[in-house]
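Understanding the architecture of this molecule
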Amino acid sequence: MCSKSTIASSLLFLSGGGGTNLLATAFSPTTAVHDAHLKPTAQSYTNGDPLPLTTFWSPKQDSQLPDPFEVWGKMRLGLGSGPGSNSDGVFWVGGGALYEAYSGKQLAIFEGFDIGKGVQISDDRIRQISRKIFWFRDPITEEIMTEYDGKPVKPIIYDAQMIDYHRAEDGSITYSVEASLRLLKDALPKMKITSQMVGPHQMMINIPVFLDVSIPEERGGGRYQAWEFYDYNVDPSFPSDRPPTAIWARQGSVPPFNTHSEAVLRFSGYRVDNYDELPERMRVEVERSHPHFKQPPRDVEEVRNSFDKR
């Protein structure tokens, strides 16, 4: 458990660094399902050891299924061409709540967004370039919180991050953190993105995350521990009237509200392709204090420069 941490929560989309917050995520195995027989179709990994995957439906004809790696890049980052693609980048926006465990007392409203775009490095590797910001609001007044029990509350801000996704020979999807202040590369359990089709028009993508990392002595020492689950849903044909969605749940430390790995966060979000589609009160905060969050980092160089300045 982490009693000294000044590190805040991760959120919705893989790791990076900014402010005094930690963002870290790992991913789990890829498998596709349609409308046929029951049998295992992939392996999952925990701390590097292969384990049987939960039973999934297997497709009648694999060749008719959408490619999970291609769907992930298009859904998450707007990569590719045709419906669902957006070379300027895409926003993932939403909200939820921060709770006290185990009473269920709501401590804050939690809301914000991620803006990212993709770069196709090769057929089997794509790069995410993104930034994200999230606010805590008073659960009664809905005003931006600036303090809690006499301690300052600040937005969770990640000005830049860079993550690569890899398609392995077995068809699974893994990730590597390429730019982060947190030195997370190779520090997390080996887990992979899993996916399955539910009928012909819905792909479910699940990402389990388990965090147990050392906190530098200059930031209080100790360990930072948390678990998280992300669940995306998308129609691989990307109809304009049915945007992809994401649900996220987490238990861990969220300073200053809780520093003992017992705060609970829930978040429901969806994808939009334009800044003007964000909720008005988020746009008000961006215009006031964070105008660079109207678009993703320009390129890899901007990401690297943002870390060099720190």
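Residues numbered from 1 in each chain as written. Predicted model: local features only at pLDDT ≥ 70, side-chain atom pairs only at ≥ 80, totals over all residues. Heavy atoms only, no water.

Now for unusual backbone geometry. Tyr 102 follows Ala 101 through a cis peptide bond whose omega is 15°. Cis geometry is adopted by the peptide bond preceding Pro 256, which originates at Pro 255 and carries an omega value of 0°. Inspection of the secondary structure puts Pro 256 in the loop between strand 17 (245-254) and strand 18 (258-272). The phi dihedral of Asp 149 is positive, around 50°, even though this residue is not glycine. Along the chain, Asp 149 falls in the loop between strand 10 (147-148) and strand 11 (151-152). Under the relative-accessibility criterion, Asp 149 is labelled exposed at 65%. For Ser 261, which is not a glycine, the phi torsion comes out positive at approximately 60°. Relative to the assigned elements, Ser 261 resides in strand 18. (Helix = DSSP H or I, 4+ residues; strand = E, 2+ residues; numbered from the N terminus. Buried < 20%, exposed > 50% of the residue type's maximum accessible area, 1.4 Å probe, protein only.)

Mapped onto the elements, Arg 281 comes out in helix 2 (residues 280-289). Judged by relative accessible area, which is 29%, Arg 281 ranks as partly exposed. Dropping the residues within four chain positions of it, Arg 281 is found in contact with Ile 109, Glu 111, Arg 137 and Glu 142. Here Glu 111 takes part through its side chain, which lies 2.8 Å from a polar atom of the side chain of Arg 281. (Contact = heavy atoms within 4.5 Å. Polar contact = N/O pair within 3.5 Å; in protein donor to acceptor, adjacent residues only side chain to side chain.)

Residues Phe 210, Trp 227 and Phe 229 make up a contiguous nonpolar surface patch of about 260 Å² in total accessible area. Within the secondary structure, Phe 210 sits in strand 15 (residues 203-214). (Patch = residues over 30% accessible without salt bridge, like charges linked within 9 Å, V, L, I, M, F, W, Y side chains within 5 Å. Areas by Shrake-Rupley, 256 points an atom, 1.4 Å probe, with all protein chains shown as cover. Salt bridge = Lys/Arg side-chain N within 4 Å of Asp/Glu carboxyl O.)

Right, let's get into the pairing of strand 7 (residues 90-100). Buried residues dominate strand 7, accounting for 9 of its 11 residues. Examined bridge by bridge, strand 7 and strand 8 (residues 106-122) share 10 bridges and lie antiparallel to one another. Among the inter-strand pairings, Trp 92 is bridged to a residue of strand 8, identified as Asp 114. Hairpin geometry of strand 7 and strand 8 is characterised by an intervening segment of 5 residues between the two adjacent antiparallel strands and by a positive phi of about 80° at Gly 104. Two strands pair when backbone bridges link them, and strand 7 and strand 18 are joined in this way by 10 bridges, in the antiparallel orientation. What sits directly across from Tyr 99, in strand 18, is Val 264. (Pairing = 2+ DSSP bridges.)

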